[in-house]
Structure formats: C-alpha cells, structure tokens
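Coordinate inspection notes
Each chain, letter by letter, is given below.
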Amino acid sequence: MPFANPVQILEIEPQPAWPGLVDRLRGAATPFLLESGGDQGGMVKWHFLGGFPVGEARCTGSSWRIDVGGEVQHGDGDPWRAVAAWWKQWGDRPVEYSDDSVPLQRPRIPFLGGAVGQIGYEFGEESLPLEPRPPTDVPSFHMYLYDELVAVEAATGRAFWIHRGRAGQPKREWWRWQAPAVEPDIADSAVVETRLSLQRDDYLRRVEEIRERIRVGDVYEVNLCRCHELSGAPSLWELHARLRQRQPVPYAALLPWEPLGIVSASPECFLRRQGSHVITRPIKGTTPRGATASADAAAARDLLASPKERAELAMIIDLQRNDLGRVCLPGSIVVVEEAALETYSTVIHTVATVAGTVPDFRDPWPLLRAAFPGGSITGAPKIAAMQTIRELEPVPRHAYTGAIGWIGPDGDLDLNIAIRTVLQHGATTTFSVGGAVTWDSDPQQEYLELEAKGRAIRSALFGDETLGGRDAS
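First things first, this report covers the structure right here in the doc. (Residues numbered from 1 in each chain as written. Predicted model: local features only at pLDDT ≥ 70, side-chain atom pairs only at ≥ 80, totals over all residues. Heavy atoms only, no water.)

Along the chain, Glu-13 connects to Pro-14 via a cis peptide bond; the corresponding omega equals -10°. For the bond from Glu-258 to Pro-259, the omega torsion is 0°, close enough to zero to count as cis. By the element assignment, Pro-259 lies in the loop between strand S13 (251-255) and strand S14 (261-266). At Phe-3, a position not held by glycine, the phi torsion is positive, near 70°. Topologically, Phe-3 is positioned in the segment before strand S1 (8-11). Residue Thr-30 is not a glycine yet carries a positive backbone phi of 50°. (Helix = DSSP H or I, 4+ residues; strand = E, 2+ residues; numbered from the N terminus.)

Moving on, we get to empty space enclosed by the protein. The final tally for this structure, using the stated rule, is five cavities of 30 Å³ or more. The volume enclosed by the largest cavity comes to roughly 220 Å³. Around the largest cavity sit 23 residues that line it, and Asn-223, Ile-419, Arg-420, Gly-434 and Lys-453 are the ones nearest its centre. Of all elements in the fold, only strand S17 (283-288), helix H6 (307-325), strand S24 (428-437) and helix H9 (443-453) reach the threshold of two or more residues within the lining of the largest cavity. At five residues, the largest contribution of residues to the lining of the largest cavity is made by S24. A class-by-class count of the residues in the lining of the largest cavity yields seven nonpolar, nine polar and seven charged. The space that makes up the second largest cavity amounts to roughly 50 Å³. Surrounding the second largest cavity, 11 residues form its lining, Leu-243, Arg-244, Gln-247, Val-249 and Ala-252 being those nearest its centre. (1 Å grid on protein atoms, 1.4 Å probe; cavity = no way out; pocket = protein on both sides within 12 Å on 5 of 7 lines; lining within 4 Å. Points joined across faces, edges and corners; volume = space filled by probe spheres on them. Nonpolar A, V, L, I, M, F, W, Y, C, P; charged D, E, K, R; others polar.)

Another aspect to go through is the layout of surface pockets. It is the rolling of a water-molecule-sized probe over the atoms that shows where space remains empty. Computed from the structure, the largest pocket encloses a volume of approximately 480 Å³. Around the largest pocket sit 20 residues that line it, and Gly-61, Glu-122, Glu-126, Pro-132 and Arg-133 are the ones nearest its centre. In terms of residue class, the lining of the largest pocket is made up of eight nonpolar, six polar and six charged. Its volume calculated, the second largest pocket comes out at about 310 Å³. Forming the walls of the second largest pocket are 18 residues, and the residues nearest its centre are Cys-227, Glu-229, His-398, Thr-428 and Thr-430. Taken together, the elements giving at least two residues each to the lining of the second largest pocket come down to strand S11 (192-196), strand S12 (221-231), strand S23 (421-425) and S24. Ranked by residues supplied to the lining of the second largest pocket, first place goes to S24 with four residues. Considering only residue class, the lining of the second largest pocket consists of seven nonpolar, eight polar and three charged.

Moving on, we get to the packing of aromatic side chains. The full count for this structure, using the stated rule, is 18 aromatic pairs. Taken together, Trp-80, Phe-123, Phe-141, Phe-270, Trp-365 and Phe-372 form an aromatic cluster joined through their ring pairs. A cation sits over an aromatic face here: Arg-211 above Trp-439, 4.4 Å from the ring centre. (Phe/Tyr/Trp six-rings, centres within 6.5 Å; stacked < 30°, edge-to-face > 60°. Lys NZ or Arg CZ within 6 Å of the ring centre and 35° of its normal.)

Next up on the list: helix H2 (residues 79-90). The end-to-end C-alpha separation of H2 is 18 Å, in line with the 16 Å expected for 12 residues at 1.5 Å each. On its buried side, H2 packs onto strand S4 (55-60), strand S5 (63-68), strand S7 (114-119), strand S8 (141-146), helix H7 (365-371) and strand S21 (403-407). Once H2 finishes, Asp-92 follows within two positions and takes phi at roughly 60°, a positive value. (Expected span 1.5 Å × (residues − 1). Contact = heavy atoms within 4.5 Å.)

Take H6 next. Its 19 residues give H6 an end-to-end C-alpha distance of 27 Å, which sits within 8% of 27 Å, the value for a rise of 1.5 Å per residue. For H6, every residue scored as buried is listed here: Lys-308, Glu-309, Glu-312, Leu-313, Ile-316, Ile-317, Leu-319, Gln-320, Asp-323 and Leu-324. (Buried < 20%, exposed > 50% of the residue type's maximum accessible area, 1.4 Å probe, protein only.)

As for its placement among the helices and strands, Glu-221 is situated in strand S12. Lacking a salt bridge, the buried Glu-221 has Lys-284 as its closest oppositely charged neighbour, with an N-O distance of 4.2 Å. Not counting the four nearest positions on each side in its chain, Glu-221 is found in contact with Ile-214, Lys-284, Glu-312, Met-315, Ile-316, Thr-378, Gly-379, Ala-380, Ala-385, Ala-436, Val-437 and Thr-438. (Lys, Arg positive; Asp, Glu negative; His and termini not counted. Salt bridge = Lys/Arg side-chain N within 4 Å of Asp/Glu carboxyl O.)

Another point: the nonpolar core. Counting residues in each nonpolar core, the largest one holds 98 residues, and the members touching the most others are Leu-49, Val-150 and Trp-174. Per-element tally for this core: the top contributor is H2, with seven residues. Beyond its immediate sequence surroundings of up to four residues, Val-150 is in contact with Ile-12, Leu-21, His-47, Phe-48, Leu-49, Ala-159, Phe-160, Trp-161, Trp-174 and Trp-175. With 27 residues, the next largest nonpolar core counts Leu-149, Phe-160, Leu-260 and Leu-423 among its residues. (Core = buried A, V, L, I, M, F, W, Y, C linked by side-chain atoms within 4.5 Å.)

When you line up the elements, Glu-153 lands in strand S9 (residues 149-153). Buried and without a salt bridge, Glu-153 has Arg-158 as its closest oppositely charged side chain, separated by 4.5 Å. In this structure the side chain of Glu-153 is engaged in a polar contact, spanning 2.7 Å, whose partner is the side chain of Thr-156. Contacts of Glu-153, omitting those with residues within four sequence positions, involve Lys-45, Trp-46, Pro-107 and Arg-158. (Polar contact = N/O pair within 3.5 Å; in protein donor to acceptor, adjacent residues only side chain to side chain.)

Now the structure itself:
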C-alpha cells in the first residue's frame, strides 16, 4: 500500500543542473513538474519533479474512477465524495521518516509525495443548478499518486531524492539517466489560430451585459474569459521552456498527460495549507508594464490609486474571507495584506493575502470544497457569478481557472489558480484569458487588459521575441 513505509531522503550529489534534470524527466512514465520560477510573495521555495505513479483519480462529469496500487473502483455520483474516499485510502496519516535525524540534516521540504494534478473549473459546478454540459473525455479532476519524487530547493539548487523503498525503486531513478533524444520541435510558422470563443465585438457586448446585471443587482463582479483555439502548436515541453524564459512565476506546472496536457505559468496561489494554517492570495487588479522603470513606477502608483481596481480586490477579499470562514476556526481569519504589488513580464498586479486556522484534522476536502473555485476567477457573489459565466462563455474552461498543484497524505497542500495556462487535447491547443468586470468597467479597457495578460503566452506559442529586454524583466 502506498505510503505504508517510512520516507527516505537522499541528497543528490553533485547538484544536478536544472535544464538537464528537466530533460531527464522526459524518460519517466507519467511525469510531472511543479516549478517556482519566481517567488514574488515569499511563498514558493521548491521545485518538484517525478514520475511512475502508484495511483490515479479521474472524474469526468459525475463519472469517476479511482486507483490505489492497482485496486480500481469506478462509479457515478458526487465526484467530491469519490476523490475524498480516494484520499482516505492513502492519506489521513502523518509522514514518517526512516531516520529520525534526516529532518535535522536538510531544509524542511513541504511535499514528500502524494497527489499531483489538476482540479478543473467545472468541478466546482457540480453543486450548482446548471444544465449538464455535452459529454467529453476531458477530466474535470485528474490527479496521480506519487510515492517518489525529486525536490529541488529553488534558491540553492540542492536536490533531494525522496522515496519509500517501493520494489524496483533503483530502476526508476530517472534523474540518473541520460536524457532521451528529442525530435526537433514544430516550426513556429505552423501555429495557426483556428477559433476564438468570443470575437472582439461579442466580448464587448458581454461586458455590457454584465454591467447591466450589476446595475439591477444580480451580481457585483464577474470574471469573463475568452478562449483561443490553435493548431500546430509546439510540444508542452517546449512551451514550458519558453514560458519559463519569458515569464518566470511562482506557480509554474507541466503535466504532459493524456487526454489533457497542461502547461501553466500562473502567478497566483489559490490555497496553501501547512498543518492548521491556511492562506489564499487572490490577484485582482492589473495594469500593463511600462517601457522604462519610471513608467513602471507610475503604472504601479496608478494601479494602487485606482478606485475600480481596489474595489475589485476588496470584493474578492470579502468573498475569500467568507469561503474560508465556512471551515476555519471562528475569529481566526485575518487579512495579512490588502494590496501588495507584484511585477511580471507584461503586467503589474495587486495581490491580497488572507489567512486562517482550520481545525486539527488532516482531511483537506472540506477546505477545498468550501473554497473552490477561487473567487478571483469567478466574481461575487460566487454562485451568481458562476451562473452568469455559464450563460455568457460559450465553451468550457476545463483546467483553466481551476487549480494545479499537490496534496499530501497529511492534508497539507499547495495549489495555484490555473491562469496563464495552455491546454492540449489531441491535436488542439487552447489558452484563455480573462478579467474582472465591474460597474466601473470600460469595455474597451477590459479588452486591452486581456491583450496584455495574454502577451507572454502568445509570445511562447508563436515564437515572438518581443518580450526581450525591459519587458522580460
């Protein structure tokens, strides 16, 4: 049974070079990569890489399939109950070490194995009174279970091999292997945009429709997205490398899986839990980068002073406090930061930090169910905003604006909001870009904000080097 044996931790010497380590990961079965390419908020200090999972949970609509160590169960019904039952089979236990001195000889590694994967946006629609979507093979929840992985300290490059002595373990030490030969990637000229879910005029009309719903009191704020569909895109591995170069972020991810592969370059923390301490860091408020340092400084001042942008953030802070309040101890929720500035390759954001204390039990699912999906990508009130999104967005979001990351057997977790994210399903590649619409929104300005947010992903997909120089800093 996975995680029945104590964890063993071995520091890898000499320190492996990061690009070579990622190249070797290609040879592992069902690999994953969670990477901190930039630690703006002091949140993420580790990269995690692994392969050869020992279990899986996959949900599509109300159908689910769970597997632990080859013992497979499947059925229909509440998928939240199914994934909670899956976690109970390998979780609800503290981490044990094979050597009590090990924790004293290394930095504290927050993740020592468990579930890695994605929770799709539509997973949060399960309890809403909405018409079922057409059948699809794209999972709304997909996580694999890993009992061995490599953890790399981002600041120092120190790498650790973590395992539990599963039979045949030395044969799976992929980080020792020679990197497999890689075929030349597809030419950028082959990338063609084949469909846009909302043309410019359609998008502008929907912004006005949301403003009208705000005027009559149906909603206060709605996050409206549009989806770009492409053919002929580079591989997920190539896209990850390009995005890492163009837009380093705290919550990058590469999940080159079937039927849905994912590359994410997200700056946003959805939920992080360590023991009883929980935080969420919603991003709400965006302005394009300037061409110079002084222009950047002026843009940041204007962002902090903007009544519209601050109102957006204040509404989401209130929503996140309410969500956490459903599971956190009374009186424990605090707003640590109301509006911190974070600068990325093409945009500047305002970010809040909300923290709380959960009861002393390991089960992570009550917390996840209370908070998912993140309020920054729905709007407020959440249920009314999600109903509006379903009516106005013509295609499903899938993993986009869901969450990507890890969940441990002790209930700790670290999940991003899957924005700035590229999805591959068969020969089709998609990416979506969205923004919050409020009463004060100007449709044209909202459209220009989408263009700024999508610039780094478009650059990676189409091979555009316009992010060089100042904009790439």
